[in-house]
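One letter stands for each residue in the lines below.
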Amino acid sequence: RSLEHNRVMYEVGCPWRGDPDDDCLLPADTYPHAAMDGLSNLMLYFLDSVQNILDEHGAPEAGTRSVYNEAQDPRERSEEVHGHKERMDLLFSNVDLRFVKLAFDGDLFIGTGHVMELFKNETAAVMNQVHMEFQLLYCIYIVQVLFVFYCWLFLRTMKMAHCEAAKAKSFVGMIPMHALDKKEATKIKEFFTEPSSS
């Protein structure tokens with residue numbers, strides 16, 4: 001859970017503006033205090049305003065239909081839009097309409113972009129952490145394989161050395177020492193005897 005995300009969404013202030021001394025006020029003819037309690041509160045104001053606009057000025061349910069799910073010629077996939085010039089004044093006199101219009105290039109747009117940037121940074125940090133842990137696990141695996149291999153090689157070499165020592169002992173045991181003179185017997189004895197440290 002990102003502390004920065006929670007600060008932007010729920011704490012008092014408007015950190016997406018980038019100025020800690022900002023009073024977070026919106027134009028007085030809309031909802032001036034909507035951005036003072038975090039982006040979550042601003043979003044609630046926006047959703048309420050949109051709902052108010054639809055309730056007051058939206059088309060009646062019976063007069064709306066979606067043409068985008070119907071099979072038709074792509075060149076004909078459009079609807080006629082009729083403007084009501086007498087309603088143009090509402091864009092300037094209705095508080096909700098002014099607020100929604102302001103949101104698309106104001107605090108809501110900038111704040112949402114700031115949160116999306118936080119999500120991207122958090123995702124990148126998590127992926128980097130996962131990548132690093134995978135590399136660590138791979139290194140541990142390689143070290144384990146090498147350790148097992150060298151242990152096996154060491155044990156095999158020791159076993160071969162013991163076998164060769166047993167063969168040499170057997171060979172020496174078959175030498176007819178009584179048939180050798182004193183000089184030859186001394187040389188054989190010196191070969192198989194560790195030199196004494198003096």
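Structural data are supplied above this passage.
Residues numbered from 1 in each chain as written. Predicted model: local features only at pLDDT ≥ 70, side-chain atom pairs only at ≥ 80, totals over all residues. Heavy atoms only, no water.

Scanning the entire structure with this criterion turns up five aromatic pairs. Seen in terms of ring centroids, tyrosine 31 and tyrosine 45 are 5.4 Å apart; in terms of plane orientation they differ by 45°. Their pairing is tilted. Here the residue tyrosine 31 occupies a position in the loop between α1 (3-10) and α2 (39-57), and tyrosine 45 occupies one in helix α2, the gap between them amounting to 14 residues. Here tyrosine 45 falls in the partly exposed class, since its relative accessible area comes to 29%. (Phe/Tyr/Trp six-rings, centres within 6.5 Å; stacked < 30°, edge-to-face > 60°. Helix = DSSP H or I, 4+ residues; strand = E, 2+ residues; numbered from the N terminus. Buried < 20%, exposed > 50% of the residue type's maximum accessible area, 1.4 Å probe, protein only.)

Another point: the pattern of salt bridges. Using the criterion set out here, one finds two salt bridges in the structure. Here glutamate 4 ties to arginine 7 by a salt bridge, and the two come within 2.8 Å at their closest N and O atoms. Of this pair, glutamate 4 and arginine 7 both sit in helix α1, separated by three residues, roughly a single helical turn. Overall, glutamate 4 belongs to the partly exposed group, its relative accessible area being 28%. (Salt bridge = Lys/Arg side-chain N within 4 Å of Asp/Glu carboxyl O.)

This paragraph deals with α2. The terminal C-alpha atoms of α2 lie 26 Å apart, and with 19 residues this matches the ideal 27 Å at 1.5 Å per residue to within 8%. What α2 keeps buried is the set Leu39, Leu42, Phe46, Ser49 and Ile53. Taken end-on, α2 shows its buried residues confined to a sector of 80°, consistent with a single buried face. Looking at α2, the residues exposed on the side facing more than 90 degrees away from the buried face are Leu47, Leu54 and Asp55. Where the residues of α2 are buried, they touch α1, α4 (95-103) and α5 (107-173). (Expected span 1.5 Å × (residues − 1). Arc of directions from axis to C-beta. Contact = heavy atoms within 4.5 Å.)

Most often, soluble globular proteins have nonpolar side chains that are buried together. Core analysis: the biggest nonpolar cluster contains 19 residues, and Trp16, Leu39 and Leu42 have the highest contact counts within it. Mapped onto this core, the elements with two or more residues apiece are α1, α2, α4 and α5. Apart from residues lying up to four places away in sequence, leucine 42 is in contact with Trp16, Leu26, Ala34, Ala35, Phe99, Asp107 and Leu108. (Core = buried A, V, L, I, M, F, W, Y, C linked by side-chain atoms within 4.5 Å.)

All we've got here are geometric facts, nothing functional implied.
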